[in-house]
Amino acid sequence: MTTTVLPPYDDVVARYEPVIGLETHVELGTNTKMFCGCPTEFGAEPNTQVCPVCLGLPGALPAPNRAAIEATIRIGLALNCSIAEWCRFARKNYFYPDMPKNFQTSQYDEPLCVDGYLDVEVDGEMVRVEIERVHLEEDTGKTLHVGGATGRIHGATESLVDYNRAGIPLVEIVTKPIPGTGAKAPLVARAYVTELRDIIRSLDVSDVRMEQGSMRCDVNTSLSPAGSTEWGTRTETKNVNSLRSVERAVRAEMIRQASVLDSGERIFQETRHFQEDTGDTRPGRSKEEATDYRYFPEPDLVPMAPDAAWVAELKAALPEPPRVHRKRLQEEWGLTDLDMQSVVNAGAVELIEATIAAGATAAGARKWWLGELARRANEEGIELSAVGATPAQVAELQQLVDEGKLNDKLARAVLEGVVAGEGSPREIMTARGLGVVSDTGALTAAVDEAIAANPDIAAKIRDGKVAAAGALVGAVMKTTRGQADAKTVRELILSRLGAQG
Amino acid sequence: MSDLTRLTAAELAATIASGDVSAVEVAQAHLDRIAAVDERVHAFLHVDTEGALAAARDVDARRAAGEELGPLAGVPVAVKDVLATKGVPTTAASKILEGWRPPYDATIVERLRAAGTVMLGKTNMDEFAMGSSTEYSAYGPTNNPWDLGRIPGGSGGGSAAAIAAYEAPLAIGTDTGGSIRQPGAVTGTVGAKPTYGGTSRYGLIAFSSSLDTPGPCARTVHDAALLHSVIAGHDPRDSTSIPQPVPDVVAAARLGATGDLTGVRIGLVTEFGGEGAEPGVMAAYRDSVEALTKLGAEIVEISCPHFQYALPAYYLIAPSEASSNLARFDGVRFGLRTGDDGSHSLEEVMSLTREAGFGPEVKRRIILGTYALSSGYYDAYYGQAQKVRTLITRDFTSAFEQVDVLVSPTTPFVAFPFGSRTGDPYQMYLADLFTIPTNLYGGPAISVPCGLSEGLPVGLQIMAPTMADDRMYRVAAALESTVGVLTPPAL
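Starting afresh in each chain, residues are numbered from 1 along the sequence in its written order. The lettering of chains begins at A and the numbering of ligands begins at 1, in the order of writing. It should be noted that, the model being predicted, local features are given only for residues of pLDDT at least 70 and side-chain atom pairs only at 80 or more, the latter also being counted only at that level, while totals for whole chains, interfaces and linings use all residues. As a convention, hydrogens and water are excluded, and side-chain values are obtained from all of the structure's heavy atoms.

Turning to the overall build of chain A, a few remarks are in order. For helices the rule is a DSSP run of H or I covering at least 4 residues; for strands it is a run of E covering at least 2, with both sets numbered from the N terminus onward. Counting its regular elements, chain A contains 16 helices and 14 strands. For 501 residues, the compact-globule estimate of 2.2 N^0.38 gives 23 Å, and chain A exceeds it by more than 25% at 30 Å. For chain A, the spread of C-alpha atoms along the principal axes amounts to about 95 × 55 × 55 Å. Within chain A, buried positions represent 49% of all 501 residues. The atom set for the radius of gyration is the C-alpha atoms, and the globule formula is 2.2 Å times the number of residues raised to the power 0.38. Burial classes: relative accessible area under 20% of the type maximum marks a residue as buried, over 50% as exposed, and values in between as partly exposed (1.4 Å probe, protein chains only).

And the structure:
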C-alpha cells in the first residue's frame, strides 16, 4: 500500500462539495421474530431461539408479525412518510452462510413507507433530511470464526453460525441524497442519526443500541469539485456503530476521496468499512461483478394493505416528536439553549424528566444528573442511564436535602452508596449514619469547643464582626465530620457570643 | 374377510367403526400388500411400518375407550415425500435430502394424524416435484400398475400408483402444474387439486410457491372428498391460506353420485379441441361429455384465448420461484454436504454439494429460473409471464360467468413407455398442457377416470371457480356413477 499524504479537512471542504446519504437499520424490539413465533431476546445461548421457519428448513413458511408492521408504520409516520395503501414483500436472492433461506425477505420496489423528512438541528440551524423510504425486512444470523488469532475468517479453522438473530424484524430507513451541507456534512450525518435514534426510542419500538447492533448505519459519501453540478461517485461505509463513528466516517471518507481525486484518480463505487481504532475507512471485499439480487415478489406472503383507519389511529397516537418535546421541557425547566444542549448531550433528558415526575424540582434533578452522575458515567465510559442510580432514587435524595436532613456534602456521600447499590438514599443515610445533626444539645458542646479553641475569632464576633462566624462554623463542621446543620451551628455561635445575626 | 386392500376408504372406515376389523388389521393388510408388490411398483420411498402400526393401535385403543373418532379414523394413507413428516425420512426424491428427518410435521400431516388416519409411508415422485413421469426421482422411477413398462405420471406418480396398486386406499399429492391430476389420469385414479390456499402449504417442500397445492388422491370421488375435507382449511402458518370455510365437498360428492346434473352448465374449452392430443384420449373425452349430457348437464363451448400461453408462462414462473426456493439447499444446515474435507472454500463446498445433490431436471429449472429473474431479463420473462397469468385468470373469470365448471381431457396422451420423452424436455412438458391453466388461475380441478384408450386409463378434468371445490366433486361423482371405477389388471 502506498502512503498518501491526506489533505487537511478545511482544505477538502474548500475545494469539494460532499453529498451524503444514510441507510439505517433498526432491529425492532418485538417479542417475537418477523415471520415466526421465536423469541428475540438479546444474548441468549446460540441457536436456542430458532424453529423450522427462521432456520429456513425445507417446507417451512413465513407468517408476518403484525406488531412489526405496526412499528414500521409508526416509524414511517413519525418521519412524515406516506404509508402505502398496498405493498408487498420481495425476495432478495443472494448466498450467505448465515442467511437460512439464501434469500432475504425484504421490500424492494413497493416499500411500506415513502417520501418523508426529518428536520435536524446543526449549530442552531435547521437542516431538512428527506427520507426516501422506510421498509421492513428480516435480519440474518451471525457467523463466528474460530481457531484463528483475530476472530476473522482469515486463518480460522472453523466457522460457527448462530441463527438466534435470523428473522428478527429489521426496519431500514433510507434518506435521499443530502447535498449542500458543505463542511457540516459529518455533523449533519451525526445529528440525523441522533435525532432518528431519539424518535425511534420515543416510539418505544426498539432499544436502538448502536453498540449492541440493534441500530446500524451505512454511510454513503461522494465528493464533487466545488461549483460542479454533477455528483461524484459514492462509496458506502458499512455498519458504523456509534454516533461518533458516523461523524468520523463521513469526515474520513471525505478526506480520503479528496486525496484520491487530487491525485487525478477515480473513485470506485464500493463498500468500505470504518476502522474504529484508526478512524479511517478500508475497502471491503472487491466484487468482480455487481450482485444481481434477482428480486421478485415474495410468493409465500400475501400483499399487505394497511387499513386507512388503522393508520390514522396510529398517526393520532404518535408521541410528541423529541425535538418538540425537548423545546417544551427546556421552557418548563427554564434552561438556556446552552444548558439544554448539555442536558441532551449527556443523554439526561428522559432521566431528568422521570426524576421530576418522581417529585424533584427541575433544578434539583438537573444538578445531580449533570453533576455527580454525569461525571461518573464519563469516567467509566458508560451511558448515564447505566450509571446505577434511578430517577426515583435521585428524587428521594433531593427530597432529603430539601428537608434539611442532608446537606450537599452528605448527599454526595449518600449518592455514592446509591450507585454502589446499597439501597435507597434514606436507607443509606440511616445505615451510614450520615444524617444532618441539628439537635442543639449535641451541637452546643462542639460550638463551645470551637469558641475556646479560637479566642481571637470569638472576640471579633463579640465585637460585632458577624461575618467571622463562618470560620467557627467551619471548625464545628470539621469536628462533626460535616454532619452538623450549618444554619443551626451559626445561630448557636452567635447566641453563645451574644452577637446579633 | 375379503381382501381389505380392495375396499374404498369409506368402506374401510365403516368396517373399522363397526368393530368388524381393527385398524391394526387394516394397516397390516396394506403393509403386506406393499411388501408383496412394491418391489415391482416402487410407489414408496420409505415405508413406516412401526409408525403405521403404532398409529393404528392408537386408533383401536381410542375406539375401545369409547372416543368419538373422525370419518377416516384407522384408514391408511400414503404421503408424497415432499411433505415434512416429523422423524420420518423426507427427501423430495432428491439426493440432496437423503436421510433427512424433519423435526416437524407439515400442517397436512398434522391434520392426517389428528384425524386418526394411519400413515403408511412416503411415496415416490419426480425430484422436488419437477417432472411429469416420476422418471426424475433420484431413487428410481415408479412403475404404472396398469403396465409396469410405462410411467405412472408425475410428479406424484408414487401416490397415484400406490392407490392403483391397492397399496393404500388414499394418498396425498401436490399439484404445481398437474402433479396430482395427471398421474391420476394415467393410473385410472381420482386426483384433486383444491383451490390454491384451500390446503396448507406449511411443511410442503416448496417447488413453486405461488402454484403448489396439496390435495387428495383416491380410487373414488367420494374417498377423495373425504380426504379433502380432512386436510383442507385455514392455516395461520401459511400466509396464502384462505381464511374461509371449506366447501362441503363430501355432500357435493354424494349429491353427484345420484347421477343427476340437471341445471348444471358445463363449458368445453374451444382451445382444448384436441390438437396435440391422442385420438383415443379425445374419443374417451367426447364419450364422457356425452355421458354428462345424458345426466342432464347443459354443454356450452367457451373460448379461453390465453390458455395457449399457459405452458410458456408456467415454465417461466415455476422455475423462477424454484430457483429461489431451492437456494437453501447449500450443504450448510441439513442434508447432503460434499467437499467438506478442508481443501475447499465455502463456495466450492456449496457448488460440489449441489452438483452431487441435484438431478438434471432440477438443475435445468434452477438455471432457467435464475436466468428469467436476472436483471435485464426480468421484465421480458418473469414480468411478462405474470401478465399472461393475469390474462388467463380473466379467461377463467369470464368463463365462469357463463358456466359452472369447465371440462377437458386431463392429459393429451395415455401413460407412455419409460424413456420415450426424457430426451426432449418440451415433449415431457406437454403432458401438463391441459392442467397448467388452472394452476396459474388458482382454482380447483379434479381428474376422474372417464374410460380407456388402448387398454390404458384416460382422465376427464373438471375445473371450477376458486373456493367452489364442491362443484367439481359433484360433476366428478356424477360421471363416476356412469363410467364406474376402473380396475387395473392384477399385478
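After that view, the rundown keeps rolling.
Across its full length, chain B holds 16 helices and eleven strands. Taking 2.2 N^0.38 as the reference for a compact globule, 491 residues should give roughly 23 Å; the C-alpha atoms of chain B span a radius of gyration of 21 Å, in line with that estimate. Once the C-alpha set of chain B is aligned to its principal axes, its extents read approximately 65 × 55 × 45 Å. Counting every position in chain B, which comprises 491 residues, the buried fraction comes to 64%. A contact between two residues is defined here by any heavy atoms of the two lying within 4.5 Å. The contacts in chain B between residues at least 6 apart in sequence include a share of 76% that link residues at least 24 apart. Roughly 16,000 Å² of accessible area belongs to chain B as shown, and the carbon and sulfur atoms make up 53% of that amount. Averaged over its 36 positive side-chain charges, chain B has a centre that lies 2 Å from the centre of its 54 negative ones. Note on areas: Shrake-Rupley with a 1.4 Å probe; residue coverage comes only from the protein chains shown. Under the counting rule used here, the positive set is Lys and Arg, the negative set is Asp and Glu, and His together with the chain ends is not counted. By convention, charge coordinates are those of NZ in Lys, CZ in Arg, CG in Asp, or CD in Glu.

Let us look at the sheet that holds strand E1 (residues 16-27) of chain A. Residue and element names in this part refer to chain A. A pair of strands is considered paired only if DSSP assigns at least 2 bridges between the two. As summarised here, the arrangement of the nine strands in space is E2-E5-E6-E9-E1-E10-E11-E12-E13, forming an open sheet in which the pairing is mixed. At either margin of the open sheet sits one strand with a lone partner, and together these are strand E2 (82-83) and strand E13 (281-283). Strand direction decides the pairing type here: strand E6 (residues 125-138) and strand E9 (residues 169-175), joined by seven bridges, are antiparallel. Residue pairing in the sheet places Leu136 in a bridge with Val171 of E9. Geometry is summarised by axes, namely lines fitted to C-alpha atoms with helices restricted to the contacting stretch, and by angles between N-to-C directions that run from 0 to 180 degrees. Relative to strand E5 (residues 113-122), helix H3 (residues 185-203) is tilted by about 115 degrees, and along the sheet it contacts E1, E5, E6, E9 and strand E10 (215-225). Along the sheet, helix H4 (residues 243-262) contacts E1, E10, strand E11 (235-240), strand E12 (271-274) and E13; its crossing angle with E10, the most-contacted strand, is approximately 30 degrees.

Residue and element names in this part refer to chain A. One can find Lys409 in helix H11 (residues 408-419). We classify Lys409 as exposed; its relative accessible area is 60%. Along the chain, Lys409 and Ala166 lie 243 residues apart, while their C-alpha atoms are 51 Å from each other.

A cis amide bond links B:Gly154 to the next residue, B:Ser155, at an omega of 0 degrees. Relative to the helices and strands, B:Ser155 is located in the loop between strand E3 (118-123) and helix H5 (157-164). Residue A:Asn47 is not a glycine yet carries a positive backbone phi of 60 degrees. As for its placement among the helices and strands, A:Asn47 is situated in the loop between E1 and helix H2 (66-78). Classification of A:Asn47 by relative accessible area gives partly exposed; the value is 33%.

All names here are of chain B. Looking at the secondary structure, you find Ser200 in the loop between strand E5 (190-193) and strand E6 (213-218). On the basis of relative accessibility, which here comes to 0%, the residue Ser200 falls in the buried class. Pairs of N or O atoms are called polar contacts if they sit within 3.5 Å, as long as, within protein, a hydrogen donor faces a hydrogen acceptor (for residues adjacent in sequence, only side-chain-to-side-chain pairs). A polar atom in the side chain of Ser200 sits 3.0 Å from the backbone nitrogen of Tyr202. There is a polar contact of 2.6 Å between the side chain of Ser200 and the side chain of Asp235. With near-sequence residues (within four places) excluded, Ser200 lies in contact with Thr107, Ile108, Pro214, Asp235 and Asp238.

Another point: the packing of helix H15 (residues 469-479) of chain A against helix H16 (residues 486-496) of chain A. All names here are of chain A. Packing of H15 against H16 brings their axes to within 9 Å, and their N-to-C directions diverge by 120 degrees. Relative to H16, the element H15 is oriented oblique. The hand of the H15/H16 crossing is right-handed. Between H15, through Ala469, Leu472, Val473, Val476 and Met477, and H16, the contact on the second element is made entirely by Ala486, Val489, Arg490, Ile493 and Leu494. Note on angle classes: values under 35 degrees are labelled roughly parallel, values over 145 roughly antiparallel, values of 65 to 115 roughly perpendicular, and the remainder oblique. Each crossing is labelled by how the near helix is turned from the far one, with a counterclockwise turn of less than a right angle marking it left-handed and a clockwise turn marking it right-handed.

All names here are of chain B. Residue position: Arg111 is located in helix H4 (residues 107-114). What makes Arg111 partly exposed here is its relative accessible area of 22%. In the structure, Arg111 is positioned 121 residues away from Ala232 in sequence and 8.8 Å away in space, judged by C-alpha atoms. With near-sequence residues (within four places) excluded, Arg111 lies in contact with Val230, Ile231, Ala232, Gly233, His234 and Asp235.

So, about the UniProt feature "active site" (unreviewed entry) in chain B. Residue and element names in this part refer to chain B. UniProt positions are given in the numbering used here, feature names are shortened, and annotations may be inferred rather than shown by experiment. UniProt annotation of "active site" (unreviewed entry) refers to Lys80, Ser155 and Ser179 when read in the numbering used here. Taking the farthest pair of C-alpha atoms as the criterion, the annotated set spanning 100 residues converges on one region, since that pair is 10.8 Å apart. Within the fold, Lys80 resides in strand E2 (residues 76-80). Look at Lys80 and you get buried, because its relative accessible area is 0%. With respect to the secondary-structure elements, Ser179 resides in the loop between strand E4 (170-175) and helix H6 (181-187). Look at Ser179 and you get buried, because its relative accessible area is 4%. There is a polar contact of 3.0 Å between the side chain of Ser179 and the side chain of Ser155.

Turning to the interface of chain A and chain B, a few remarks are in order. On the chain B side, the residues contacting the 30 residues of chain A number 38 residues. Definition used for salt bridges: Asp or Glu carboxyl oxygen within 4 Å of a side-chain nitrogen of Lys or Arg. Counting the contacts that link chain A with chain B gives one salt bridge. A salt bridge links A:Asp300 to B:Arg201, with the shortest nitrogen-to-oxygen separation between them at 2.8 Å. When contributions to the side of chain A that touches chain B are tallied by element, the ones reaching two or more residues are strand E3 (90-93) and strand E14 (296-297) of chain A.

Another point: the pattern of salt bridges. This model, assessed by the stated rule, comprises 52 salt bridges over all chains. Here A:Arg88 and A:Glu110 are joined by a salt bridge, their closest N and O atoms 3.1 Å apart. Residue A:Arg88 is found in the loop between E2 and E3, and its partner A:Glu110 is found in the loop between strand E4 (103-106) and E5; the two are separated by 22 residues along the sequence. What makes A:Arg88 partly exposed here is its relative accessible area of 26%. Ionic pairing is found between B:Asp235 and B:Arg237, a salt bridge with its closest N-O pair at 3.8 Å. What makes B:Asp235 buried here is its relative accessible area of 3%. In this structure B:Arg237 comes out as partly exposed when scored by relative accessible area, which is 30%. Bridged by salt links that share partners, the residues A:Lys367, A:Glu372, A:Arg375, A:Glu379, A:Asp408 and A:Arg412 form one connected network.

Before going further, it helps to examine helix H12 (residues 360-373) of chain B. To estimate how far a helix should reach, multiply one less than its number of residues by 1.5 Å. The terminal C-alpha atoms of H12(B), which comprises 14 residues, lie 20 Å apart, in line with the 20 Å expected from a rise of 1.5 Å per residue. Within H12(B), the full set of buried residues consists of B:Glu361, B:Val362, B:Arg365, B:Ile366, B:Gly369, B:Ala372 and B:Leu373. In a view along the axis of H12(B), the buried residues occupy a sector of 135 degrees, so they form one face of it. In H12(B), the exposed positions angled more than 90 degrees off the buried face are occupied by B:Pro360 and B:Ile367. Here the buried face of H12(B) lies against E14 of chain A together with helix H10 (310-325), helix H13 (379-402) and helix H14 (425-429) of chain B. Taken from the helix axis, the directions to the C-beta atoms give the arc we talk about.

This paragraph deals with the sheet that holds E3(A). Residues and elements named next belong to chain A. With respect to topology, three strands assemble into an open sheet ordered E4-E3-E14, the strand pairing being antiparallel. The sheet is open, and its two edges are formed by E4 and E14, each paired on a single side. Inspection of the sheet shows E3 paired to E4 by four bridges, in the antiparallel sense. By the bridge assignment, Arg91 is partnered in E4 with Thr105.

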